[in-house]
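Residue-level structural notes
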Amino acid sequence: MNEPRLDVSAVMSGDWRGYLSEMGPSWVAGAVAAGPATMATVLTAGATFGYAMLWVVLLSAVLGASAQYLSMRLGLLTEDGIVSVVERELGDGWAWVLVADGVLAAGLAQLVIMQGLANVSATITGVDARVWGVVWAVVLAAGLAGRGYRFVELLAKGLVAAVVAAFLASLVLVPIDPAAAAGGLVPRIPAGVDGALVAAGILGGAVHITLITMHSYTMRARGWTTRDYGLATFDVGASMLVAFGVYSLAIFLVAASVLHSPEVAASDLSAVAAAQALGPIAGANAKWLFLLGLLGAAVSTLGGNTVVPPFLVADKLGWGTDLSDGRYRALLAGVALFSGVGAFLGGAFFPLLVLVLAFGLVGTPFAIAVVLVLLNGDAVAEPNSTPANLGGVVLFAVTTVLAANFVRSRALSDLGDPLSVFVVVFAAAMAAATLGLLGKFVRETVARPTAA
């Protein structure tokens, strides 16, 4: 007896009011995506290159929604965590590669975002950033492990909403150049290391391995199954395509109009300088409004990003992935406390935020390949449609090209720099893993007997 096909049209015929009240999992990913790193990256893009990267900003929202849709399909069709599915269908080794990829990308992001949060807190209060790093790590650990984090997160999201509203209001006041903006729709990456870094960072904010891997776990936490396909699809479109797209576009256009100058370099932009973008709407209060919004974005993003390594590791070890399992709770608290180390990192945090997204993009093509292979194999009862596969292939190709361009720029810039060496080695390892996985899929597909 054949399995009933999914009613993919349900998203068009469902109860829109019900959808709006029940949305959730993709908004967790959206909260992580719309964090301080994305804010810093699109501000840097607009300030450094004007409207030239408008096409990347728009593309990031479309591809971000595509990536979440594919990971949503995998989570709903398997009703299991992605690591468990990989281990069952592809093998133990591939599951460990995915865990290592996700933990490394999420861990680096955790440290840099905490550095940003601690520095912003120090700027606002005058208290040493290292003290704030310890304070925020304890708050994060106690809140996430003890369920007392809700108020802090709601406050943080309110601050982010206020800043986004200020950027949207600024669009009415700042002089957007229609001709220059139209020129920014032509795909091109400004020459040099900065151009490659910022382009990879913009896309990395929306298409990131942490967002792809966390989705199956957040849907499981909500108890969603194939019956919720329409709701889950709406959830992805509303959060990543609409909300995240508006967030990125508004910040980028204001930065390109207000901050752009031939003298601005991507490595020189600071939070205080970026705050000038809100000058047209906030006046003398622009600095404080922007810093509070950046603080809120960092708190909200840390809350979502912290759960990713525990999700992946706990799933691989066969533990529970909720607070009812004491091992998971301890792992969650440990990751939160570890993030406090970020406050002791050196370097300007705006350039570091851009770099961390670009680095995360390097490990993302492997995760996309994993999802596509699983969606076209025995893991699911209903394989991907041709349009979904074409979208996935485009997603894989674009992320691979931009990640490769970024790695190439790092290799050519300074291979004497330990960070550049690490990026190149990590990229080589992930490229080998991706080619190995795709080769395995092709061999097994060719060897698979055709139906009579």
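The numbering scheme is per chain: residues are counted from 1 as the chain's sequence reads. Only residues with pLDDT of 70 or above have their local features reported here, since the model is predicted, and side-chain atom pairs are shown and tallied only from 80 upward, although totals for entire chains, interfaces and linings are computed over all residues. With hydrogens and water stripped out, all remaining heavy atoms of the structure feed into the side-chain values.

1. A look at the overall build of the protein chain
- Note on conventions: DSSP H or I runs of at least 4 residues are helices, E runs of at least 2 residues are strands, and numbering of each starts at the N terminus. In terms of helices and strands, the protein chain carries 22 helices and zero strands.
- Buried means the residue's accessible area, taken with a 1.4 Å probe over protein chains only, is under 20% of the maximum for its type, while exposed means over 50%, and partly exposed covers the values in between. Evaluated residue by residue, the protein chain yields a buried proportion of 56% over its 452 residues.
- Only heavy atoms matter for contacts: two residues are in contact if any of them lie within 4.5 Å across the pair. In the protein chain, of all internal contacts separated by at least 6 residues, the share reaching a separation of at least 24 is 84%.
- Counting only carbon and sulfur atoms, one obtains 66% of the accessible surface of the protein chain, whose full area is about 18000 Å². Per-residue and other accessible areas follow the Shrake-Rupley method at a 1.4 Å probe size, with only the shown protein chains counted as cover for residues.

2. Brief notes about a nonpolar patch on the surface
- Distance thresholds for patches are 9 Å for like charges and 5 Å for nonpolar side chains (Val, Leu, Ile, Met, Phe, Trp, Tyr), applied to residues having over 30% relative accessible area and no salt bridge. Here, a salt bridge means any side-chain nitrogen of Lys or Arg that lies within 4 Å of a carboxyl oxygen of Asp or Glu. Residues Val62, Leu168, Leu241, Val242 and Val246 make up a contiguous nonpolar surface patch of roughly 380 Å² in combined accessible area.
- The biggest single contributor to the nonpolar patch is helix 13 (residues 229-258), with three residues.
- By secondary structure assignment, the location of leucine 241 is in helix 13.
- Here leucine 241 falls in the partly exposed class, since its relative accessible area comes to 42%.

3. So, the confidence of the model for the protein chain
- Looking at the protein chain, the pLDDT average stands at 86 and 89% of residues meet or exceed 70.
- Here residues 1-5 is modelled with pLDDT under 50, and outside its nearest four sequence neighbours on either side it reaches two contacts, counting other chains as well.
- Every residue in residues 7-13 is under pLDDT 50, and counting partners more than four places away or in other chains gives nine contacts. The predictor reports its confidence for every residue as pLDDT, a score running from 0 up to 100.

4. Regarding the packing of helix 7 (residues 92-125) against helix 22 (residues 418-447)
- Running from amino to carboxyl end, helix 7 crosses helix 22 at an angle of 145 degrees, the nearest separation of the two axes being 12 Å. For the pair helix 7 and helix 22, the sense of crossing is left-handed. Seen from helix 7, the contacting residues are Trp94, Val97, Asp101 and Leu104; seen from helix 22, they are Phe422, Phe426, Met430, Ala433, Gly436, Leu437 and Lys440.
- Note on residue classes: Ala, Val, Leu, Ile, Met, Phe, Trp, Tyr, Cys and Pro are nonpolar, Asp, Glu, Lys and Arg are charged, and everything else, Gly too, is polar. For the contact of helix 7 with helix 22, the residue count by class is eight nonpolar, one polar and two charged. Only the contacting stretch of a helix is used when fitting its axis, a line to C-alpha atoms as for every element, and angles between N-to-C directions run 0 to 180 degrees. Helix crossings fall into two classes, left-handed where the near helix is turned counterclockwise from the far one by less than a right angle and right-handed where it is turned clockwise.

5. What to know about the environment of alanine 137
- Structurally, alanine 137 can be placed in helix 8 (residues 129-146).
- Owing to a relative accessible area of 3%, alanine 137 belongs among the buried residues under this scheme.
- Sequence-distant contacts of alanine 137, defined by excluding residues within four places in its chain, comprise Met114, Ala336, Leu337, Ser339 and Gly340.

6. Observations regarding the packing of aromatic side chains
- Only centres within 6.5 Å qualify two rings of Phe, Tyr or Trp (six-membered ring in Trp) as a pair; their planes then separate them into stacked at under 30 degrees, edge-to-face at over 60, and tilted for everything else. Using the criterion set out here, one finds ten aromatic pairs in the structure.
- Ring plane angle 20 degrees and centroid distance 5.9 Å describe the contact between phenylalanine 311 and tyrosine 328, whose orientation is recorded as stacked. You can see phenylalanine 311 sitting in helix 17 (residues 308-317) and its partner tyrosine 328 sitting in helix 18 (residues 326-338), a full 17 residues away along the chain.
- The exposure class of phenylalanine 311 is buried, given its relative accessible area of 8%.

7. Thoughts on the nonpolar core
- Definition used in this section: a nonpolar core is a set of buried Ala, Val, Leu, Ile, Met, Phe, Trp, Tyr and Cys residues joined via side-chain atoms within 4.5 Å. Counting 151 residues, the largest nonpolar core has Met39, Leu43, Met53, Phe167, Phe290, Phe350 and Phe406 as the members making the most contacts within it.
- Top contributing element to this core by residue count: helix 13, with 14 residues.

8. Topic: the environment of serine 216
- Along the chain, serine 216 turns up in helix 12 (residues 209-222).
- Using a relative accessible area of 5% as the deciding quantity, one classes serine 216 as buried.
- Here the alpha-carbon distance between serine 216 and threonine 78, two residues 138 residues apart in the chain, equals 9.1 Å.
- With sequence-adjacent residues up to four places away left out, serine 216 is seen in contact with Gly75, Asp80, Gly81 and Ile82.
- A polar atom in the side chain of serine 216 sits 3.1 Å from the backbone nitrogen of isoleucine 82. Definition of a polar contact: a pair of N or O atoms within 3.5 Å, with one able to donate and the other able to accept a hydrogen when the atoms are protein atoms, and with sequence-neighbouring residues admitted only if both atoms are side-chain atoms.

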